[in-house]
Amino acid sequence: MSPVVPPLIIDSAGLGRRLAELAAISEAPAPVVTRVLFSEADLRGREYVRRAAREAGLTVREDAVGNIFARWEGSDPSLPAVGSGSHTDAIPNAGLYDGVVGVLGAFEALAALRRAGFKPRRSLEIVMFTAEEPTRFGLGCLGSRLMAGSISVAQARALRDREGRSLDELRAAAGYSGPLESVRLPSGYYHAFVELHIEQGPLLEAAGVPIGIVEHIAGPSSYRVSVVGEGGHAGAVLMPVRHDAGLAAAEIALAVERAAKTSGSPDTVGTTGVFRIEPGAVNSVPYRAYLEIDLRDTRLDSRECALTEIRRAIAEIGPRRGVAIEMTEINADPPAAGDARTIAVAEAVCAELGLACQRMVSRAYHDSLFMARVSPTTMIFIPCRNGWSHRPEEYASPEHIAAGAAVLAGTMARLAI
Ligand code: GLV
Ligand code: MN
Ligand code: MN
């Protein structure tokens, strides 16, 4: 492939400075980054993103749920745009790279193209998606789900946070109005979509490869489980007559592990990440338990097989222990496949830049899971130290971030001409 993009210079120092500036906007002291949807830190982070977009010469607009779009108009604005982007919300006790590299890195990619004199035919557009993380509403990828039409407006309106506040209430307080129906993208809006992200796993670092190109994104699902048993005095209620909700919940968590391990697929992963018991007193039999289960796979059949096994276990545990168990689905999303042509373009750009790359599965979910439903999509991964993510020690080197931004720039440019 002959070079179609002039040589690019990524301003690695400037990008590093902006990453540090955004990291300082946090609900928790450094090095911890916490920016929960529509918190004060998230609102200040959004202001930072708007300013950084304008500094990169982009035109900013926002939709009714707070997705921020930053656009470089192409010479033929009637053509579907080439999109990129990620998120800047951060779970409690997070690091500074998850999502943010894909937003600020994309701004730098477009700034580098502009400095190199590139003139896009298709418009180039960066999105900062609202609430990729599930922290506030228990549901991830809220902005991209709505953009792709993968959640109905009625379902979005029914969302409540732990304090019982609705999406409509919170978005209005954050300054976002207008009908949620308008968030959905018109069909064919993007010609292609490419998200830059840290790998959040150890494979690239272990292989010594600077770039991963995502072929598949595993399908996430999650469930709430409520267990109601019978409480009582830890000394007085004898073992044969107990209906301990905590122990029933413990059996369910073990059943989740067993189901994931025996689904027939090495890609099935099951996690009981939320486990609460009440009253939570050492001398009281737990009368109630609340669990949240995360179950993922690259294949739907093996995920379904694990789910069936979890349901079977629950149906057996309840009567045996004399507790009432209720399981409700939060989300059950199919996996997504990367687009062969977009992947080939990213690989060609890596070859042109002399950067080794390998194809990968993303086991974490991303907004690209939903963009892939409405656009040819792939992701560009860069290594992160020890595969660490969702913790303050998360780290990606300036060299790898710059390499990722250069591959993103080259890929977007090739797709835009
Ligand atoms: C996203 O943060 C995920 O949980 O995969
Ligand atoms: Mn994350
Ligand atoms: Mn992320």
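Up top is the structure these notes are about.
I will try to describe carefully the structure that is included in this document.

Criteria and cut-off values
Residues numbered from 1 in each chain as written. Chains lettered and ligands numbered in written order. Predicted model: local features only at pLDDT ≥ 70, side-chain atom pairs only at ≥ 80, totals over all residues. Heavy atoms only, no water. Core = buried A, V, L, I, M, F, W, Y, C linked by side-chain atoms within 4.5 Å. Buried < 20%, exposed > 50% of the residue type's maximum accessible area, 1.4 Å probe, protein only. Helix = DSSP H or I, 4+ residues; strand = E, 2+ residues; numbered from the N terminus. Contact = heavy atoms within 4.5 Å. Donors = N, O, S within 2.8 Å, 3.2 Å for Na, K, Ca; no water. Near = heavy atom within 4 Å. Polar contact = N/O pair within 3.5 Å; in protein donor to acceptor, adjacent residues only side chain to side chain. Areas by Shrake-Rupley, 256 points an atom, 1.4 Å probe, with all protein chains shown as cover. Nonpolar A, V, L, I, M, F, W, Y, C, P; charged D, E, K, R; others polar. Phe/Tyr/Trp six-rings, centres within 6.5 Å; stacked < 30°, edge-to-face > 60°. Lys NZ or Arg CZ within 6 Å of the ring centre and 35° of its normal. Axes fitted to C-alpha atoms, helices over the stretch in contact; angles between N-to-C directions. Parallel < 35°, antiparallel > 145°, perpendicular 65-115°, else oblique. Expected span 1.5 Å × (residues − 1). Pairing = 2+ DSSP bridges.

**Brief notes about the nonpolar core**
Of all hydrophobic cores here, the largest spans 53 residues; its most connected members are Leu58, Leu104 and Phe107. Examining the composition of this core, we find that ten residues originate from one element, helix α3 (residues 100–115), more than from any other. Look past the residues within four positions of Phe107 in its chain and what remains in contact with it is Val49, Ala52, Ala53, Ala56, Leu58, Ala70 and Ile126. In this structure, Leu139, Leu146, Leu170 and Val183 belong to the second largest nonpolar core, which totals 30 residues.

**Some details on the coordination of the manganese ion (ligand 2)**
Protein coordination at the manganese ion (ligand 2): the donors are Asp98 (OD), Glu133 (OE) and His390 (NE2), at 2.0 to 2.1 Å from the metal. If you list the donors of the manganese ion (ligand 2) from N- to C-terminus, the spacing comes out as D-x34-E-x256-H. In this model, the manganese ion (ligand 2) sits 3.7 Å from the manganese ion (ligand 3), the two metals being bridged by Asp98. Of the two residues, Asp98 sits in the loop between β5 (90–94) and α3 while His390 sits in the loop between β17 (377–382) and α12 (398–416), which places them 292 residues apart along the sequence.

**With respect to the site of ligand 1**
Residues in contact with ligand 1, as listed here, are Glu132, Glu133, Arg296, Ala364, Tyr365 and His390. Here an oxygen atom of ligand 1 and a side-chain polar atom of Glu133 are 3.1 Å apart. Arg296 places a side-chain nitrogen or oxygen 2.8 Å from an oxygen atom of ligand 1. For ligand 1, whose unbound accessible area comes to 200 Å², protein coverage reaches 90%. Here the residues of the shell around ligand 1 sort into two nonpolar, one polar and three charged.

**Section: the coordination of the manganese ion (ligand 3)**
Within the protein, the manganese ion (ligand 3) binds to His87 (NE2), Asp98 (OD) and His197 (NE2); these donor distances fall in the range 2.0 to 2.2 Å. Residue His197 is classed as buried on the basis of its relative accessible area, which comes to 0%.

**Here's the deal with the packing of aromatic side chains**
Summed over the entire model, instances satisfying the criterion amount to six aromatic pairs. With 4.7 Å between their ring centres and 85 degrees between their planes, Tyr189 and Tyr190 make a pair best called edge-to-face. An aromatic cluster is present here, built from Phe129, Tyr189, Tyr190 and Phe193 joined pairwise through their rings. When the ring centre of Trp72 is taken as origin, the NZ or CZ atom of Arg114, which lies over that ring, is 4.3 Å away. Positioned above the aromatic ring of Phe370, the side-chain terminus of Arg373 is 5.3 Å from the ring centre.

**Quick notes on the packing of helix α1 (residues 12–23) against helix α2 (residues 40–55)**
Contact geometry of α1 with α2 gives a least axis separation of 10 Å together with a crossing angle of 155 degrees. As summarised for this structure, α1 and α2 are arranged roughly antiparallel, according to the angle between their axes. Taken together, the residues of α2 that come into contact with α1 (itself represented by Arg18, Glu21 and Leu22) are Gly45, Tyr48 and Val49.

**Focus on helix α10 (residues 340–353)**
If you check α10, its first and last C-alpha atoms are 20 Å apart, about what 14 residues at 1.5 Å a residue would give, namely 20 Å. Those residues of α10 lying buried are Thr342, Ile343, Val345, Ala346, Ala348, Val349 and Cys350. Of the surrounding elements, those touching the buried residues of α10 are β7 (190–198), β8 (211–217), β16 (357–362), β17 and α12. Among the residues trailing α10, Gly354 stands out with phi positive, at a value near 70 degrees.

**As for unusual backbone geometry**
That bond from Ala30 to Pro31 is cis: its omega, 5 degrees, falls within 30 degrees of zero. Assignment of secondary structure puts Pro31 in the loop between α1 and β1 (33–35). A cis geometry characterises the amide bond from Glu278 onward to Pro279, with omega recorded as 10 degrees. The phi torsion at Cys141 lies on the positive side, around 60 degrees, for a residue other than glycine. Relative to the helices and strands, Cys141 resides in the loop between β6 (124–129) and α4 (142–148). Despite not being glycine, Asn386 shows a phi value in the positive range, around 55 degrees. On the secondary structure map, Asn386 appears in the loop between β17 and α12. Residue Asn386 is classed as partly exposed on the basis of its relative accessible area, which comes to 42%.

**Thoughts on the sheet that holds strand β11 (residues 269–278)**
Hydrogen bonds between backbone groups are what pair the strands of a sheet, and the pairing can be parallel or antiparallel. Taken in spatial order, the four strands make up an open sheet running β11-β13-β9-β14, and their pairing is antiparallel. Both edges of this open sheet fall to β11 and β14 (324–332), since each of them pairs with a single strand only. With strand direction ignored, the average angle separating the axes of adjacent strands in the sheet is 15 degrees. Where strand β9 (residues 219–228) meets strand β13 (residues 288–297), ten bridges bridge the pair, whose relative direction is antiparallel. Within β13, the position partnered with Arg224 by the bridge is Glu292. Each of β9, β11, β13 and β14 touches helix α8 (residues 245–261); the most contacted strand, β11, lies at about 175 degrees to it. This element, helix α9 (residues 300–321), spans β9, β13 and β14 of the sheet and lies at about 165 degrees to β14.

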